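Here is what each chain is made of, one letter per residue.
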Amino acid sequence: MTAILEVDDDVRPSATDGEIAAINLESARCRAWTRFAQDPRHQGVAEEIVEEERIVAEFLGDLDAFDRLEALASQFARVDDSFRTALVDAEVASTAHRFDDARRHLAGAAQMGGPSETIARYSLTVDQACGVDLEAVLAARQRIAASSGRPDDLVPLGAVLADLERFTEADVVYRQAFSSYDGISPWPPAYVCFQLGMLWGEFAPEPNPSVAALWYRRAIAYVPGYVRARVHLAELYASQDQTGEAETLLLPVLSSRYPEVRWRLADVLIAQGRFEEAERQLDAARSGFEKLLERHLLAFADHAAEFYAGSGNDCRRALTLARANVANRQTRRAIKQADAIAARCR
C-alpha cells in the first residue's frame, strides 16, 4: 500500500479565489436568513441555509453554525408540517452526529410522502457515518458513482473505501473526483484535497507526511481560511520540528471557534519553551471543548477525546468521550480510538 506522490498541475481545477468565496458565502448566508425570516416556508430557503451553515462550520471553523442550525430546525418546525421539515431535521441532526434522531426524522419524512430517492441518499450517508454494513454501502456508492461520474458522488465513495481501509483505492477515487471537478466554487476541490491529506496523514497505517502535507497545502491554496486544513498541516510541521511554520499557519485562524487551533498552538509553544503562553492556550482549548460538548456532545466527542488523551491530560475524561462516540457510531476508527485510550488509562 503506497500513496501516489505525483500530482499533475495540468489537471488542477481552477476555482474562485477562496477569500472572495468566503465573503460571497457570508453574504449569501445572511440573505438566506433574511428570506427565511420573511417567509420560513419559502421553497428551498431552509435547505439553502443548512448547506451554507455546514460550509462555514466545516471550512471556516464557525462552530456557532451548530446552534444556528438547531434554531433553524426549531423555527421551521413551527410553521411547516410537511416532509420538508423532517428532511431539514434529519440533516441538522446528522450534521451534529445525532444519528438516531436523523433516522427517526427520515422515517417521518417517508411516512409523509417525502421523495424516496432523497430519503435513500440521506439514509446511506447516515449508515456510512455509523459504520453500518459498509460493504452494502460500498456497493451502493459504486453504483451511484458509476452512473453519474460526478465528483459529489465520487467523494463519498472514496470515503467508504477509506473506512474499509482500502486506502490506495480511496486515493484513486479521490483523485478522480479532484481532476474531474469542473465547477468554480473552491469548496469542493478544497474538501477533496483535505480528505487526501487525512487519508495519508491520519488514516493510513503507514502515514506519508510528505504526501499529506502536499494535499493540505493544496486545500489551503483553494481556501486560505480552511481551519481544519491549517490545523492538520501545522500538526505535521510541528512533528517535524518546524514549529515556526506551524505557528504561522495557526495564528491567522486563532479567532475561529475551533478549539483545536488553540490546542495545537499550545503544543507548538511548549516545543518552543513558551510555557506560560502555552498554558493560556490550553486553558482556552479546554474551555472551548467543554462549551461545545455541553451543547453538541456527539459532534465533538471524538476530537475532545483526542485532546484529553493528549495535551488535555485527563485520561478518564478522554475515555468517557471516546466510549460515547463508539456508542453513537461503531466505526473502525471510533473503536480504535476508544481501545487506544483505554489501554493508556490502565
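Treat the numbers as computed from the prediction; the structure is a model and nothing was measured.

## Focus on the overall build of the protein
Counting its secondary structure elements, the protein contains 17 helices and zero strands. In summary, the protein has a C-alpha radius of gyration of 20 Å against a globular reference of 20 Å for 346 residues, a match within 12%. Projecting the C-alpha coordinates of the protein onto the three principal axes gives extents of approximately 60 × 45 × 45 Å. Taking all 346 residues of the protein together, the buried fraction comes to 50%. Considering only intrachain contacts with a sequence separation of at least 6, the fraction spanning at least 24 residues in the protein is 57%. As displayed, the protein offers around 16,100 Å² of accessible surface, 50% of which is attributable to carbon and sulfur atoms.

## Some thoughts on the nonpolar core
If you look at soluble globular proteins, the nonpolar side chains tend to sit buried side by side. Counting 90 residues, the largest nonpolar core has L199, Y226 and V261 as its most contacted members. Considering each element in turn, this core owes the most residues, 13 residues, to helix α15 (residues 275-309). W33, V45, L72 and F76 belong to the second-largest nonpolar core, a separate cluster that totals 13 residues.

## A look at the environment of R54
Counting through the fold element by element, R54 comes out in helix α2 (residues 45-60). Residue classification places R54 among the partly exposed residues on the basis of a relative accessible area of 31%. The spacing of R54 and V92 is 38 residues in sequence and 9.1 Å in space, taken between C-alpha atoms. In this view, R54 contacts L69, E91 and T95; residues no more than four positions away in its chain are not counted.

## Structural notes on the environment of Y258
Tracing the backbone through its elements, the reader meets Y258 in the loop between α13 (243-250) and α14 (259-271). Along the sequence, Y258 and L60 sit 198 residues apart, while their C-alpha atoms lie 8.8 Å from each other. Excluding its chain neighbours within four sequence positions, the residues that come into contact with Y258 are G61, L63, V227, R228, V231 and H303.

## A closer look at the packing of aromatic side chains
A full pass over the atoms with the stated rule returns 14 aromatic pairs. Aromatic pair F59 and W187: ring centres 5.1 Å apart, planes at 55 degrees, arrangement tilted. With F59 in helix α2 and W187 in helix α10 (residues 187-203), the pair connects residues that are 128 residues apart, well separated along the chain. The class for F59 is buried, based on a relative accessible area of 5%.

## Quick notes on the side chain of H232
By secondary structure assignment, the location of H232 is in helix α12 (residues 227-239). Given the relative accessible area of 6%, H232 is considered buried. Looking at H232, its side chain comes within polar contact range of the side chain of E202, at 3.3 Å. Contact partners of H232, with chain neighbours within four places excluded, come to F194, M198, E202 and Y216.

## Brief notes about the pattern of salt bridges
Applying the stated criterion to the full structure yields 31 salt bridges. Linked by salt bridges that have partners in common, E26, R29, E53, D62 and R68 make up one network.

## Examining unusual backbone geometry
Most peptide bonds take the trans form, and the phi angle of most residues other than glycine is negative. Not every positive phi belongs to a glycine, and D133 is a case in point at roughly 45 degrees. Inspection of the secondary structure puts D133 in the loop between α6 (116-130) and α7 (134-148). In this structure D133 comes out as exposed when scored by relative accessible area, which is 52%. Backbone geometry places D241, a non-glycine residue, at a positive phi of 65 degrees. By the secondary structure assignment, D241 is in the loop between α12 and α13. The class of D241 is exposed, set by a relative accessible area of 67%.

## Focus on helix α1 (residues 18-38)
Compared with an ideal rise of 1.5 Å per residue, which puts 21 residues at 30 Å, α1 spans 30 Å between its outermost C-alpha atoms and is within 8% of the ideal. Regarding α1, the residues found buried are G18, A21, L25, A28, R29, A32, W33 and F36. Taken end-on, α1 shows its buried residues confined to a sector of 140 degrees, consistent with a single buried face. Summarising the geometry of α1, the exposed residues directed more than 90 degrees from the buried face are E19, I23, A37 and Q38. Here the buried face of α1 lies against α2, α3 (65-79), α10 and α11 (209-222). Two or three places before E19, at the start of α1, stands the capping residue D17, its side-chain oxygen 3.0 Å from that residue's backbone nitrogen.

## Re the packing of α1 against α3
Two elements in contact, α1 and α3, have axes whose closest approach is 12 Å; the angle formed by their N-to-C orientations is 25 degrees. In terms of their interaxial angle, α1 and α3 are classed as roughly parallel. Two packed elements cross with a definite hand, and for α1 against α3 that hand is left-handed. On α3, the residues that touch R29, W33 and F36 of α1 are R68, L72, Q75 and F76. Split into classes, the residues belonging to the contact of α1 with α3 amount to four nonpolar, one polar and two charged.

Conventions adopted
Residues numbered from 1 in each chain as written. Predicted model: local features only at pLDDT ≥ 70, side-chain atom pairs only at ≥ 80, totals over all residues. Heavy atoms only, no water. Helix = DSSP H or I, 4+ residues; strand = E, 2+ residues; numbered from the N terminus. Rg over C-alpha atoms; globule rule 2.2 N^0.38 Å. Buried < 20%, exposed > 50% of the residue type's maximum accessible area, 1.4 Å probe, protein only. Contact = heavy atoms within 4.5 Å. Areas by Shrake-Rupley, 256 points an atom, 1.4 Å probe, with all protein chains shown as cover. Core = buried A, V, L, I, M, F, W, Y, C linked by side-chain atoms within 4.5 Å. Phe/Tyr/Trp six-rings, centres within 6.5 Å; stacked < 30°, edge-to-face > 60°. Polar contact = N/O pair within 3.5 Å; in protein donor to acceptor, adjacent residues only side chain to side chain. Salt bridge = Lys/Arg side-chain N within 4 Å of Asp/Glu carboxyl O. Expected span 1.5 Å × (residues − 1). Arc of directions from axis to C-beta. Axes fitted to C-alpha atoms, helices over the stretch in contact; angles between N-to-C directions. Parallel < 35°, antiparallel > 145°, perpendicular 65-115°, else oblique. Left-handed = near helix turned anticlockwise from the far one by under 90°. Nonpolar A, V, L, I, M, F, W, Y, C, P; charged D, E, K, R; others polar.

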